[in-house]
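Working through the structure, step by step
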Amino acid sequence: MGRAANFQDKPKKGPGRKARKQKDPVFPRATNDEDEPKKLSRRQRIRARKRTLKQEAVKTNPPKKMKKMNTKQKVDGDLDSEGEHQFSSDEMEEFTNNIKTNSVEETQAKTKFALFEKDGSSDEDSGGGNEDGEEENDDFGVGNEDENDMGFQDDDDDDDDDDDDDEKDIEKLSKKIEKKEKKKRAAGDAYLEESAEKIGIQIPSLEEVQQEDEDSPDLPNINARIKDTAFVLADFSKRREEGRSRSEYLAIFLKDLSTYYSYNTFLMEKLLDMFGPTELIEFLEANELPRPVTIRTNTLKTRRKVLATALIARGIDVDVITWSKVGLIVMRTPGNVTLGATPEYLAGQYILQGASSFLPVMALAPKEGEKVLDMCAAPGGKSTHIAAIMRNTGMIVCNDLNRDRVKALVGNFHRMGITNAVITSHDGRAFAKLMPRAFDRVLLDAPCSGTGVISKDERVKTSKDLKDVQRCSHIQKELLLAAIDSVHKFDGQNGYIIYSTCSILVEENEAVIEYALKKRNVKIVPTGLDIGKSGYVRYRQHRFHPSMQLCKRVYPHSYNMDGFFVAKLKKLSDGVPKTTQDKAEDEEDESITPT
Amino acid sequence: MRPLKNEETVLVFTKLKKYIGSNVRALLERSDGLYCFRLHNGRIYYVKEDIMKFAATLPRDNIVSLGVCFGKITKGGKFLLHITALDFLHPYCQNKIWIKESAEQNFMYGNHVYKSGLSRISENTPKYAGVVVLSSKDIPLGFGVAAKATAECRHADPMDIICFHQADIGEYVRNEEALI
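All of these numbers come straight from a predicted model, not from anything done at the bench. (Residues numbered from 1 in each chain as written. Chains lettered and ligands numbered in written order. Predicted model: local features only at pLDDT ≥ 70, side-chain atom pairs only at ≥ 80, totals over all residues. Heavy atoms only, no water.)

Helix and strand counts for chain A come out as 26 helices and 15 strands. For chain A, with 595 residues in total, the buried portion stands at 48%. Sequence separation of 24 or more characterises 73% of the internal contacts of chain A that already satisfy a separation of 6 or more. By element, 50% of the accessible surface of chain A is carried by carbon and sulfur atoms, the whole surface being about 31,500 Å². (Helix = DSSP H or I, 4+ residues; strand = E, 2+ residues; numbered from the N terminus. Buried < 20%, exposed > 50% of the residue type's maximum accessible area, 1.4 Å probe, protein only. Contact = heavy atoms within 4.5 Å. Areas by Shrake-Rupley, 256 points an atom, 1.4 Å probe, with all protein chains shown as cover.)

Given below as structure tokens:
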């Protein structure tokens with residue numbers, strides 16, 4: 001007894017199910033404007049010129065064809081990695097055919113999460129490296145041209161456990177190949193020099209660059225020019241244009257870098273003082289990428305293995321940090337999980353903390369039952385680490401000037417279950433008078449300009465100037481003296497001060513330590529960290545104390561951590577050293593002579 | 001910072017007793033040193049004595065917290081336990097409630113525990129006793145007051161409240177400003 005639907009009254013909805021129409025075909029641009037010849041860009045013109053040069057070279061030496069081909073490719077590769085963004089079409093094809101995408105992806109993934117790697121390996125991984133690209137190209141080239149030789153070498157890697165005879169043969173063969181490669185490389189280098197001389201990398205004058213920046217800054221063009229300039233600066237006497245000075249090149253380099261990466265000139269000058277052109281580019285590139293997220297297990301509440309299992313069960317991919325017993329590195333978090341709001345986090349089983357802030361605490365090496373002061377503690381990552389190492393014994397006084405940040409400190413301390421802490425909100429400089437000689441160890445993670453953590457806070461790029469750095473430096477000096485004054489000294493066991501900053505500028509690091517060495521009776525001792533470069537002893541006009549090399553510097557591009565500086569000082573006696581001679585004697589025999 | 005007055009001590013200990021019963025003794029008689037309760041800025045702190053003595057030398061206004069904050073004395077003259085006391089309630093408490101994984105998030109946003117989210121409850125929990133709420137993996141999530149005795153729970157409707165919410169660890173994120 002259903003009612004028949006009245007279909008005639010129903011209005012038509014939409015075009016209907018089968019009415020979908022195919023879109024108009026899109027033709028590639030090349031077919032559309034065939035009639036008008038495309039204008040070549042500057043880079044393309046240079047490449048075209050190079051190509052003709054190469055062809056000429058090949059024509060003149062026909063019997064050495066193989067080698068020339070290889071070198072040619074190497075030259076291309078080299079120049080590509082140095083000065084170009086894109087490959088020309090033929091080379092591109094060859095390249096893409098040969099590249100094993102998997103392996104490339106693997107290395108990339110590795111770089112992203114590789115922490116605490118030594119310089120060399122990270123350079124290799126970064127792929128921006130000069131030599132890396134060269135080698136890759138070389139292999140591919142040979143693989144294409146003379147398959148026999150190279151094919152063998154590839155097998156060689158895989159089948160190591162063959163018979164002895166085979167091995168010997170292979171050994172001979174590989175030696176041969178090595179020799180060949182060396183020759184090729186030498187030839188390639190020579191060719192490179194030659195071609196560079198012939199082509200002559202043309203860099204416009206400073207005025208032109210400035211004009212261009214004002215008119216319409218063209219970023220790809222600037223990037224290309226940066227690489228060109230870096231290439232010239234790498235071997236200046238051979239590659240420069242006649243009659244142009246190094247300072248001019250450097251000025252252009254500086255101008256381009258600050259435009260391309262949007263830094264202010266002051267900071268870029270400082271950075272250029274510290275790094276060479278190639279390293280500087282690496283550093284700046286590293287600042288554009290975020291550092292991997294790391295967490296620290298709270299050993300007061302759980303163990304790392306247990307925590308890792310719990311997090312993996314929530315779908316968070318974690319991996320252990322090999323050099324720390326408490327660190328975990330977070331590879332991936334699913335979209336619906338916030339790392340800072342899981343029940344495990346709220347129960348105080350872990351804290352989000354950058355890998356670099358593990359290191360000052362590791363250098364401080366607090367012992368159970370000691371009295372420790374953390375002068376600039378908020379938000380409490382390092383001080384909770386100290387408390388966890390001391391297993392809630394002894395005492396830790398945590399101070400931070402900023403009342404708002406102290407709230408985060410209180411929250412973290414209670415969440416992590418730390419009971420041996422006094423949290424104060426003082427000016428750190430007051431501790432010298434408030435509690436002279438009261439502590440066994442002091443951690444001073446001084447407020448700084450933050451030039452090591454640009455990837456975290458981009459504002460540093462433009463907001464800092466000379467005055468800011470000087471102001472920071474001044475406060476740091478005062479804080480460090482206060483820290484030294486609030487430490488007391490027992491027989492060789494206690495009385496350590498850790499000074500750390502997340503800045504990489506010498507003014508905020510070595511200069512501050514040097515000041516403390518002059519003003520107080522302290523000496524620099526090894527930090528006990530096997531990471532980082534040693535501190536500067538000679539830097540431009542500065543000549544620091546020779547023991548400054550015991551300090552550690554970490555840069556974002558070499559270890560995939562935030563840039564920072566750490567120094568460990570040992571208090572020898574109270575008061576101010578009378579003369580530098582006295583102090584030198586003190587350091588020699590380590591005798592304590594209170595002044 | 002000062003020691004608690006008599007009436008304050010009574011307030012604090014009666015409240016603690018609701019959760020940990022006679023284990024209140026264990027808070028004061030510890031093998032690792034003397035511990036005491038101190039009042040500072042209206043908050044009750046539970047702190048080791050030598051730390052307290054050291055902190056007494058600092059200017060009072062600048063001390064933000066010492067040891068562990070247990071709660072505060074309200075203007076109405078009651079003692080209010082804070083979530084920060086959870087670390088000391090959890091190991092000693094006598095009545096516990098375990099909740100299902102699906103209800104964890106709900107509780108950590110400050111809601112009561114319903115029968116539908118209840119996984120287990122310790123036996124012989126009387127009505128209106130203080131209980132610690134735990135997750136299915138035994139992570140303490142907070143504490144509250146049992147709205148029903150264990151026996152009543154069996155026959156309760158799914159939407160009946162089993163435990164009134166008092167504090168939960170979600171406050172560390174939600175309410176960091178006013179934590180102590």
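That covers the picture; the talk isn't over yet.
What follows covers helix H11 (residues 219-234) of chain A. A rise of 1.5 Å per residue sets the reference length of H11 of chain A, with its 16 residues, at 22 Å; its end C-alpha atoms lie 22 Å apart and thus fit the reference within 8%. The set of residues buried in H11 of chain A consists of Ile 222, Asn 223, Ala 224, Arg 225, Ile 226, Asp 228, Thr 229, Ala 230, Phe 231, Val 232 and Leu 233 of chain A. (Expected span 1.5 Å × (residues − 1).)

Further remarks concern the sheet that holds strand E5 (residues 68-73) of chain B. Residues and elements named next belong to chain B. With respect to topology, 5 strands assemble into an open sheet ordered E1-E2-E3-E5-E6, the strand pairing being antiparallel. Whereas interior strands pair on both sides, the edge strands pair on one side only; in this sheet they are strand E1 (2-3) and strand E6 (79-81). Relative to E5, strand E3 (residues 43-48) runs antiparallel, the two being bridged by 4 bridges. Within E5, the residue paired with Arg 43 across the bridge is Lys 72. Seen against the sheet, helix H1 (residues 6-20) touches E1, strand E2 (35-40), E3, E5 and E6 and runs at an angle of roughly 40° to E6. (Pairing = 2+ DSSP bridges. Axes fitted to C-alpha atoms, helices over the stretch in contact; angles between N-to-C directions.)

This next bit is on the side chain of Thr 527 of chain A. Residue and element names in this part refer to chain A. With respect to the helices, strands and loops of the structure, Thr 527 is situated in the loop between strand E10 (522-525) and strand E11 (533-534). In this structure the side chain of Thr 527 is engaged in a polar contact, spanning 3.4 Å, whose partner is the backbone nitrogen of Leu 529. The residues touching Thr 527, leaving out its near neighbours within four places in the chain, are Ala 363, Leu 550, Lys 552, Val 566, Ala 567 and Lys 568. (Polar contact = N/O pair within 3.5 Å; in protein donor to acceptor, adjacent residues only side chain to side chain.)

Before going further, it helps to spend a moment on the environment of Met 435 of chain A. In this structure, Met 435 of chain A sits in the loop between helix H21 (431-434) and strand E8 (441-445). In this structure Met 435 of chain A comes out as buried when scored by relative accessible area, which is 3%. Sequence separation between Met 435 of chain A and Leu 53 of chain A is 382 residues; the distance between their C-alpha atoms is 76 Å. Contact partners of Met 435 of chain A, with chain neighbours within four places excluded, come to Ser 486 of chain A together with Phe 54, Thr 57 and Leu 58 of chain B.

Okay, a positive patch on the surface next. Residues and elements named next belong to chain A. A cluster of like positive charges, contributed by Lys 39, Arg 42, Arg 45 and Arg 49, occupies part of the molecular surface. Within the secondary structure layout, Lys 39 lies in the loop between helix H1 (29-32) and helix H2 (42-60). Under the relative-accessibility criterion, Lys 39 is labelled exposed at 76%. (Patch = residues over 30% accessible without salt bridge, like charges linked within 9 Å, V, L, I, M, F, W, Y side chains within 5 Å. Salt bridge = Lys/Arg side-chain N within 4 Å of Asp/Glu carboxyl O. Lys, Arg positive; Asp, Glu negative; His and termini not counted. Charge placed at Lys NZ, Arg CZ, Asp CG, Glu CD.)

Residue and element names in this part refer to chain A. According to UniProt, the positions carrying the feature "binding site: S-adenosyl-L-methionine" (unreviewed entry) are Cys 376, Ala 377, Ala 378, Pro 379, Gly 380, Gly 381, Lys 382, Asp 400, Asp 427 and Asp 445. Structurally, the position occupied by Gly 380 is in the loop between strand E5 (371-374) and helix H19 (381-389). Once residues lying within four places of it in the same chain are set aside, the contact partners of Gly 380 are Ile 351 and Leu 409. The residue Asp 400 is located in the loop between strand E6 (395-399) and helix H20 (403-415) in this model. Once you skip the residues sitting within four places of it in the chain, Asp 400 turns out to touch Met 375, Cys 376, Ala 377, Ala 378, Arg 405, Val 406, Thr 424, Ser 425 and His 426. Among the polar contacts made by the side chain of Asp 400, one reaches the main-chain amide nitrogen of Asn 402 at a distance of 3.1 Å. (UniProt positions renumbered as here; feature names shortened; annotations may be inferred.)

Grouped together as the largest cluster of nonpolar side chains are 118 residues, with contacts concentrated most on Leu 280, Met 375, Leu 480 and Ile 513 of chain A. For this core, the element with the most residues is helix H23 (residues 466-485) of chain A, which contributes 7 residues. Ignoring anything within four residues of it in the chain, the contact list for Met 375 of chain A reads Asn 399, Asp 400, Gly 428, Phe 431, Val 442, Leu 443, Leu 444, Leu 479, Ala 482, Ala 483 and Ser 486 of chain A. Counting 62 residues, the second-largest nonpolar core is a separate cluster that includes Val 318 of chain A together with Ile 99, Val 113 and Tyr 172 of chain B. (Core = buried A, V, L, I, M, F, W, Y, C linked by side-chain atoms within 4.5 Å.)

UniProt records the feature "domain: PUA" (unreviewed entry) for residues 95-174 of chain B in the present numbering. As a span, residues 95-174 of chain B carries 20% helix and 38% strand, and end to end its C-alpha atoms are 26 Å apart.

On to the packing of aromatic side chains, then. Each aromatic ring pair is specified by the distance between its two centres and by the angle formed by the two planes. Across all of its chains, the model carries 17 aromatic pairs over all chains by this definition. Ring centres 5.3 Å apart and planes at 85° place the aromatic pair Phe 236 of chain A and Tyr 249 of chain A in the edge-to-face group. Separated by 13 residues along the polypeptide, Phe 236 of chain A in helix H12 (residues 236-239) and Tyr 249 of chain A in helix H13 (residues 246-260) bring together distant segments of the chain. On the basis of relative accessibility, which here comes to 12%, the residue Phe 236 of chain A falls in the buried class. Residues Tyr 19 of chain B and Phe 143 of chain B carry aromatic rings whose centres are separated by 5.4 Å and whose planes lie at 75° to one another, so their mutual orientation is edge-to-face. With a gap of 124 residues between them, Tyr 19 of chain B in helix H1 and Phe 143 of chain B in strand E11 (residues 140-146) connect regions that are remote in the sequence. Accessibility assignment for this pair places Tyr 19 of chain B and Phe 143 of chain B in one class, buried. Linked through ring pairs, Phe 13, Tyr 35, Phe 37, Tyr 46, Phe 70 and Phe 88 of chain B together constitute an aromatic cluster. We note Arg 246 of chain A situated over the ring of Phe 236 of chain A; from NZ or CZ to the ring centre the distance is 5.2 Å. Over the aromatic face of Tyr 35 of chain B sits the side chain of Arg 30 of chain B, whose NZ or CZ is 3.9 Å from the ring centroid. (Phe/Tyr/Trp six-rings, centres within 6.5 Å; stacked < 30°, edge-to-face > 60°. Lys NZ or Arg CZ within 6 Å of the ring centre and 35° of its normal.)

Our focus in this paragraph is the interface of chain B and chain A. Contacts between chain B and chain A engage 32 residues on the former and 35 residues on the latter. The junction of chain B with chain A conceals about 2,800 Å² of combined surface from both sides, 65% of it contributed by carbon and sulfur atoms. Interface area lost by chain B to chain A is led by Ile 51, Phe 54 and Leu 58 of chain B, which between them contribute 20%. Our count for the contact surface shared by chain B and chain A stands at 3 salt bridges. Between Asp 87 of chain B and Lys 301 of chain A there is a salt bridge, and its shortest N-O distance comes to 3.0 Å. Counting only elements with at least two residues in the side of chain B that touches chain A, the list comes to helix H3 (49-55), strand E4 (63-66), E5, helix H4 (86-92), helix H5 (101-108) and helix H7 (171-174) of chain B. When residues of the side of chain B that touches chain A are assigned to their parent elements, the largest contribution, 4 residues, is made by E4 of chain B. Across the side of chain B that touches chain A, the residue classes break down as 19 nonpolar, 6 polar and 7 charged. (Buried area = accessible area lost by both parts, 1.4 Å probe. Nonpolar A, V, L, I, M, F, W, Y, C, P; charged D, E, K, R; others polar.)

This next bit is on the confidence of the model for chain B. When pLDDT is averaged across chain B, the result is 93; 100% of the residues are at 70 or more. As a predicted assembly, this complex carries a pTM of 0.73 together with an ipTM value of 0.96. (pLDDT = per-residue confidence, 0-100.)

All names here are of chain A. Here chain A averages 79 in pLDDT, and 72% of its residues register 70 or above. At the level of individual helices and strands, chain A shows its lowest average pLDDT in helix H6 (residues 119-126), which scores 40, and its highest in strand E4 (residues 350-352), which scores 96. Counting interchain partners and residues more than four positions distant, the pLDDT-below-50 stretch residues 591-595 has 10 contacts.

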